[in-house]
Amino acid sequence: HSVYTGLIARTLGRKLGFRNGERLFAAGLLHNIGLLLLIEQRPEAVGRILANYAEQVHELVEKTELGFSFADCGAALMELWHLPSSLSLLVKCQHNPDQAGQDAVAATLVAFGLFGARHLMASLPASQDSDYLRAIPPEYYANLQMDKARLSDALAQTQQFAMQVLSIIAPGSAVAA
């Protein structure tokens, strides 16, 4: 999921002339680092949160249960690791790109990556519409002057690159993707 998120964000960024595609890729790879930490540290709470996802907005469930979101946790962890604040901001604002200030475009690209990754993880063809893609807020498309054809093209490119990337960063896992 993280590889897909990063690849989609980077691919869309390149199509839009975004200069720092690798930052988008890194943000996509790290977008769920807070969730991974919390699975280790608070597995019962994460289980309750994930069980309630179908009923409520994800971030609301997270903040109600923990007092912060998985994205907030990930951004804080990245700051502890002294990763660039421009990267941790994209993780923190992945669900609310309008809160990223001058990095709102980059955060919106990461958000597109999240929705697209869900689509691809469901093994749906890049050109097919889905509930995952229909869930993308219309303002995201408007803010980037994006259309569905460009997104579909980015999803197709991502499918081609995903196995190659997975074979590099996690040998043996590319079969599972």
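What you see is a predicted model, and the numbers here were worked out from it, not measured in a lab.

Scoring rules and cut-offs
Residues numbered from 1 in each chain as written. Predicted model: local features only at pLDDT ≥ 70, side-chain atom pairs only at ≥ 80, totals over all residues. Heavy atoms only, no water. Buried < 20%, exposed > 50% of the residue type's maximum accessible area, 1.4 Å probe, protein only. Helix = DSSP H or I, 4+ residues; strand = E, 2+ residues; numbered from the N terminus. Arc of directions from axis to C-beta. Core = buried A, V, L, I, M, F, W, Y, C linked by side-chain atoms within 4.5 Å. Contact = heavy atoms within 4.5 Å. Phe/Tyr/Trp six-rings, centres within 6.5 Å; stacked < 30°, edge-to-face > 60°. Disulfide = S-S within 2.5 Å.

Asker: Honestly, helix α4 (residues 43-51) in this entry has me stumped. Any pointers?
Answerer: Since the α-helix turns once every 3.6 residues, residues separated by three or four places project in the same direction. Of the residues making up α4, those classed as buried are A45, V46 and I49. The buried side chains of α4 occupy one side of the element, clustering within an arc of 100° when seen end-on. Residues of α4 that are exposed and point over 90 degrees away from its buried face: E44 and A51.

Asker: Honestly, the nonpolar core in this entry has me stumped. Any pointers?
Answerer: One broad rule of soluble globular proteins: the nonpolar side chains tend to lie buried together. By size, the foremost hydrophobic cluster in this structure holds 39 residues, and its most contacted members are L12, L24, L90, F112, I136, L151 and L155. Secondary structure elements with two or more residues in this core: α1 (2-15), α2 (21-30), α6 (70-80), α7 (85-92), α8 (104-121), α10 (138-144) and α11 (148-169). Per element, the largest residue contribution to this core is nine residues, and it comes from α8. When near neighbours in sequence (up to four residues on either side) are disregarded, I136 contacts F112, F115, Y141 and L151. Counting ten residues, the second-largest nonpolar core is a separate cluster that includes A45, Y53, V61 and C73.

Asker: Where do I start with the packing of aromatic side chains in this structure?
Answerer: The geometry of an aromatic ring pair is captured by the separation of the ring centres together with the interplanar angle, meaning the angle of the planes. Applying the stated criterion across every chain, the model contains three aromatic pairs. Centroid distance F112 to Y140: 6.3 Å. Interplanar angle 55°. Geometry classified as tilted. With F112 in helix α8 and Y140 in helix α10, the pair connects residues that are 28 residues apart, well separated along the chain. Neither F112 nor Y140 differs from the other in exposure class; each is buried.

Asker: What's the story with the state of the cysteines in this structure? I'm lost.
Answerer: Note on terminology: a disulfide is the covalent bond linking the sulfur atoms of two cysteines. Across all of its chains, the model carries zero disulfides by this definition. The closest cysteine sulfur to the non-disulfide-bonded C73 is located on C93, 15 Å from its own sulfur. Using a relative accessible area of 11% as the deciding quantity, one classes C73 as buried.

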